[in-house]
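Inside the fold
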Amino acid sequence: MSERIKVRIKFSKHGALKFIGHLDIMRYFQKAFRRSGIDIAYTEGFSPHPVMSFAAPLGVGLESDGEYLDVELNTPENMEEVKYKLNEQMAEGMEVLSAVVLPEKSKSAMASVAAAGYYITFRNEFTPPEGWQEAVERFLAKEKIMVEKQTKKSMMEIDLKPAIYDFRLSSYQEKDCLYLMVNASSAGNVKPAMVVEALFREQELPFDPAWLMVTREDTYLNRGTESEPEFVPMDGQGK
């Protein structure tokens, strides 16, 4: 019996598919692998299921250019062929962007996540005022950015400052937007709306999460250290 191969798949999710929850996305890919004929590995036992794990699943209503899942294959495959076969099964709004073979002892997708980048635009009901670049710079210059965060047991106050790696004005699909990179690890996951709400509060502006249109730019692992991080897209680990 040949040794299993670990593969990392990068995909994008746009349009109506942004309203599909994580469990349905997982079932969607299970069916896509089955229909594509790719020899994906299954767990052993009474109820076998595909060996598959996702990195930092996206919330319902958010689009993405950088989602990842890891799978194990029983037989070697050309990665361009894997990408092609899966894209033949994709519905409109979902596209496989890359497939890479992972090193043998690499961490799972879920355990590898360190950060995520987001493009944040606003719906027509709200237009950011002039001088936002300066507002963001003043916001980041604060010694601490304290917010309240709901945990499973209670409400607690946390400092967002260490979890914000990048925050600036940018553009996405020819529209002005905010670009935000934050901690997305399981231990310190920060949602983009929480940071934007803190910025609005700093500017004494009203805030409604419904104003935001959020697109995940990519999901990152850290090749550096905690004090000197080196963030690279998660498909940069394979070949």
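Below you will find a few notes about this structure. (Residues numbered from 1 in each chain as written. Predicted model: local features only at pLDDT ≥ 70, side-chain atom pairs only at ≥ 80, totals over all residues. Heavy atoms only, no water.)

Topic: helix 5 (residues 192-202)
For helix 5, the complete set of buried residues consists of Pro192, Met194, Val195, Val196, Ala198, Leu199 and Phe200. Glu204, located one to two residues past helix 5, shows a positive phi value of around 55°. (Buried < 20%, exposed > 50% of the residue type's maximum accessible area, 1.4 Å probe, protein only. Helix = DSSP H or I, 4+ residues; strand = E, 2+ residues; numbered from the N terminus.)

Notes on the packing of aromatic side chains
Counted according to the given criterion, the structure contains 13 aromatic pairs. Aromatic pair Tyr119 and Tyr179: ring centres 5.5 Å apart, planes at 55°, arrangement tilted. Here Tyr119 is found in strand 5 (residues 115-122), whereas its partner Tyr179 is found in strand 9 (residues 175-183), with 60 residues between them in sequence. We note that Tyr119, like Tyr179, is buried. A ring pair is formed by Phe122 and Phe200, whose centres lie 6.0 Å apart and whose planes are at 35°; its orientation type is tilted. Note that Phe122 is positioned in strand 5 and Phe200 in helix 5, a separation of 78 residues in sequence. (Phe/Tyr/Trp six-rings, centres within 6.5 Å; stacked < 30°, edge-to-face > 60°.)

Observations concerning the pairing of strand 1 (residues 5-13)
Counting buried residues along strand 1, eight of its nine residues qualify, which places the element largely inside the surrounding structure. In the sheet, strand 1 pairs with strand 3 (residues 63-73) via eight bridges, with the strands oriented antiparallel. Of the residues in strand 3, the one forming a bridge with Lys6 is Glu72. With seven bridges joining them, strand 1 and strand 4 (residues 94-101) adopt antiparallel strand pairing. Bridged to Val7 within strand 4 is Val101. (Pairing = 2+ DSSP bridges.)

Some details on the nonpolar core
In this structure, Ile120, Phe139, Leu160, Ile164, Phe167, Leu178 and Val195 are the most contacted members of the largest nonpolar core, which totals 36 residues. Considering each element in turn, this core owes the most residues, six residues, to helix 5. When neighbours within four sequence positions are excluded, Val195 is seen to be in contact with Phe139, Leu160, Ile164, Phe167, Leu180, Val182 and Val190. Membership of the second largest hydrophobic core comes to 23 residues, among which are Phe11, Leu69, Val71 and Met90. (Core = buried A, V, L, I, M, F, W, Y, C linked by side-chain atoms within 4.5 Å. Contact = heavy atoms within 4.5 Å.)

None of the figures reported here should be taken as evidence of function without further support.
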